[in-house]
Amino acid sequence: MPDRPDFEPSTLVIHSNRSYEKQSNSILFPIHQTATYIHESVGVTKGYGYSRGANPTVNALEQAIAAIEGTEHALCFRSGMSAIHTLCMAILKAGDHVILSDVIYGGTMRLFKQVLGNFGIEYTYVDTSSIPAVEAQLRPNTRLIFIETPANPTLKLSPVQALAELAHSRENILLAVDNTFMTPLLQDCLALGADVSMLSTTKYIDGHNATIGGSLATHDEALVERLYLVRKTIGSIQTPFDAWLALQGVKTLPMRLAAHCENAGQVARWLEAHPRVAKVNYPGLDSFPQKALAQQQQKAFGGMLSFELDASTKDSLRFMDALRLCTCAESLGSVETLATNPATASHCDLTTEERTALGISDRLIRLSVGIESPKDLIADFEQAFAATLGGDA
Ligand SMILES: *Cc1c(COP(=O)(O)O)cnc(C)c1O
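Student: Any details on the nonpolar core? Residues and values, ideally.
Tutor: Ranked by size, the top nonpolar core spans 35 residues in total, and within it Leu61, Ile65, Ile205 and Leu253 carry the most contacts. For this core, the elements supplying multiple residues, two or more each, are α2 (56–69), β1 (73–77), α7 (183–186), α9 (240–249), α10 (253–273) and α11 (291–297). Among the elements that make up this core, the one with the highest residue count is α2 (seven residues). Here this core gathers at least three residues from each of two domains, domain 1 (4–250) and domain 2 (254–388). Setting aside its immediate chain neighbours within four residues, Ile205 contacts Ile65, Ile68, Thr183, Leu199, Ala246, Gly249, Val250, Leu253 and Arg256.

Structure (structure tokens):
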């Protein structure tokens, strides 16, 4: 609700759009399931012309996301990937260079390698946790630094503020952050200086595994115009129904995030204390090498963690298969706890050597900790240990 910016996030996610439907006064914002809009007289509309350009229900979700991003401008897309693709189409041209975090979502790697690379877009994977490493790779044609922090699936962090300062010390370089793991409520990328905050709304924003969607938020009005033009041109806008479902999901985002963070912390500490666990990656643990950076740029430690068992890859996969409450499925950020094996799922396109160099072992298990009772989650791990690795010994 732009006229009441003093509301807390837990209020904004529910009340960011108050323009109720006038015919019935339904409390939910309606689904405007329409392709086109009637002209009151030729050329006179209420601001909507065709749903490839804009749609009131998508706009309602955009207002909710803009409110929690702390900006006036957010745009929603058909998927997280189409948000990243639209951003690249909007700001890059052949011959431009992009710096990407070395540990990054597999789909983003695929976009650059298999699609954008064919259009003359150059890119370099860099350890973006290191400012000198990024600085060393900047080129005169670098236009975009695209980072993911925490990164999937190692949770490695990159310093948003320092990277924004580096980007802005050069001419014409934007910093975009894939903030899917945190959402702006746990990591306010725009306030930290990033030019663009990108979300796969499929994850925590929807929160119920009901939709696929993505968003981009920025303070840069010229960029918004350009994004709007490209989205309208290539047709990457989210559908009204998916936007409507995500609009219901986002209302509980603050309380869901609190439960995700609490549960992930409990599960991480329990796993770390277990004799058959070799390693746990979770920014909230004292053993996490970048805990101080997490405390500096994040408001909490999030709901994602990864871990390695003190066991072979084969036994680690047997352990995953033995889980009963936790579900083996791709995706993250939903109310259900999901487990994945990145080597066979999100990072299967990489060779074992490439994965090893990034700290992604074949036995690594990634957990998106849901909002079930942590007691039940831990009991599920306990029974899976007993079934596959013989319990505590
Ligand atoms: C899922 C995901 C994406 C892609 O989003 P889709 O909605 O699946 O297209 C991008 N980045 C991260 C970190 C993700 O987890």
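Student: Requested: an account of the site of the ligand, with residues and values cited.
Tutor: Residues in close proximity to the ligand total 13 residues, the closest being Gly80, Asp178, Ser200, Thr202 and Lys203. Between the ligand and the protein, one listed contact pairs an oxygen atom with a backbone N or O atom of Gly80 at 2.8 Å. Gly213 has a polar backbone atom sitting 3.5 Å from an oxygen atom of the ligand. When the ligand is considered free in solution it has 380 Å² of accessible area, and contact with the protein chains removes 93% of it. The residue makeup of the shell around the ligand, split by class, is four nonpolar, six polar and three charged.

Student: Give me the pattern of salt bridges: which residues, what numbers.
Tutor: Using the criterion set out here, one finds 13 salt bridges in the structure. A salt bridge links Asp286 to Lys291; its shortest N-O distance comes to 2.7 Å. Put simply, Asp102, Asp127 and Lys156 are held in one network by salt bridges that share partners.

Reading the values: rules and limits
- The numbering scheme is per chain: residues are counted from 1 as the chain's sequence reads.
- Where totals are concerned, whole chains, interfaces and linings use all residues; where local detail is concerned, this predicted model gives features only for residues with pLDDT of at least 70, and gives and counts side-chain atom pairs only at 80 or more.
- With hydrogens and water excluded, all non-hydrogen atoms of the structure serve as input to the side-chain values.
- Among buried residues, those of type Ala, Val, Leu, Ile, Met, Phe, Trp, Tyr and Cys that are joined through side-chain atoms within 4.5 Å constitute a nonpolar core.
- Exposure classes here rest on a 1.4 Å probe applied to the protein chains alone. A residue is buried below 20% of its type maximum, exposed above 50%, and partly exposed in between.
- By the criteria applied, helices consist of DSSP H or I runs no shorter than four residues and strands consist of E runs no shorter than two, each listed in order from the N terminus.
- Throughout, the edges of the domains are those of an automatic or database domain assignment.
- Should any heavy atoms of two residues lie within 4.5 Å, those residues are counted as being in contact.
- Any residue with at least one heavy atom within 4 Å of a molecule or strand is counted as near it.
- Whenever a nitrogen or oxygen atom comes within 3.5 Å of another N or O atom, the pair is scored as a polar contact, on the condition that within protein one atom can donate a hydrogen and the other can accept it, and that pairs from neighbouring residues in sequence are kept only if both atoms are in side chains.
- Computed with a 1.4 Å probe, the accessible areas rest on the Shrake-Rupley method; for each residue, only the protein chains presented here act as cover.
- All residues other than Ala, Val, Leu, Ile, Met, Phe, Trp, Tyr, Cys, Pro, Asp, Glu, Lys and Arg, Gly among them, are scored as polar; the first ten of these are nonpolar and the last four charged.
- Put simply, a salt bridge is a Lys or Arg side-chain nitrogen that is within 4 Å of an Asp or Glu carboxyl oxygen.

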